[in-house]
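A structural walkthrough
One-letter residues, chain by chain:
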Amino acid sequence: RATRRATKRAAAVAPAALWRGTRSSRAPLATTRLAAAEEAELAAALEESARLEDERRVAEEQGSSSSAAAAPAPRDEEEPPDDFLCPITTEIMSDPVMAADGHSYERSAIERWLATKSTSPMTGEALEHTFLSPSHMVRRQIREWQQAHP
């Protein structure tokens, strides 16, 4: 009887141990691949943002050099306030959330960031928690600004 019980226990434990061993050996690799893919995606987005910013600056410089007395930009082309731009994507936020560092971010961008890091994108310091709180006031202000600047 004792040998049967030991054999049954070993048979029951063995598949679980094998599964855990397989899972743990694959999980870091999958996580590393996912993190690398997300980092590459974020880097590409930042490069695209920088490229667009450079193009805007060049166009702005060409416009100002062609007219010595450049008129102020029309109201329709006003730049949005910096508080409406996500510091990660540099785009106007559509779903702003507040992180533990007190800064607002686009939800999808900060979630991608927090999937691989536990630090603030703005300060680099460790975040106390990863809870994201909706920024209803910022969202409302962005919508009002967008309505005033179609």
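Fair warning: this is a prediction, and the values are worked out from it, not measured in the lab.

Our next topic: the confidence of the model for the chain. Here the chain shows a mean pLDDT of 76. Residues at 70 or above account for 65%. For residues 2-25, every residue scores under 50 in pLDDT, and the model assigns this stretch zero contacts once sequence neighbours within four places are set aside.

Taken as a whole and assessed by the stated rule, the structure comprises one aromatic pair. Ring geometry for F84 against W145: centres 6.5 Å apart, planes inclined by 70°, an arrangement best described as edge-to-face. With F84 in the loop between α1 (2-66) and β1 (96-98) and W145 in helix α3 (residues 136-148), the pair connects residues that are 61 residues apart, well separated along the chain. For F84, a relative accessible area of 8% translates into the label buried. Over the ring of W113 we find K117, and its NZ or CZ is 4.6 Å from the ring centre.

Here we come to unusual backbone geometry. One non-glycine residue, T90, lies in positive phi territory at about 60°. Locating T90 in the fold gives a position in the loop between α1 and β1. Classification of T90 as partly exposed rests on a relative accessible area of 39%.

Reading the values: rules and limits
For every chain, the first residue of the written sequence is number 1, and numbering continues from 1 onward in sequence order. Totals for whole chains, interfaces and linings use all residues, but because this is a predicted model, local features are given only for residues with pLDDT of at least 70 and pairs of side-chain atoms are given and counted only at 80 or more. Values reported for side chains reflect all heavy atoms of the structure, with hydrogen atoms and water molecules removed beforehand. Values of pLDDT, ranging from 0 to 100, describe the predictor's confidence in every residue of the model. In what follows, residue pairs with any heavy atoms lying within 4.5 Å of each other are defined as contacts. When two rings of Phe, Tyr or Trp (its six-membered ring) have centres within 6.5 Å they constitute a pair, described as stacked for plane angles under 30 degrees, edge-to-face for angles over 60, and tilted for the intermediate range. Put simply, DSSP marks the helices as runs of H or I at least four residues long and the strands as runs of E at least two long, and each gets a number from the N terminus on. Buried means the residue's accessible area, taken with a 1.4 Å probe over protein chains only, is under 20% of the maximum for its type, while exposed means over 50%, and partly exposed covers the values in between. By definition, being over a ring means that NZ of Lys or CZ of Arg is both within 6 Å of the ring centre and within 35 degrees of the ring normal.

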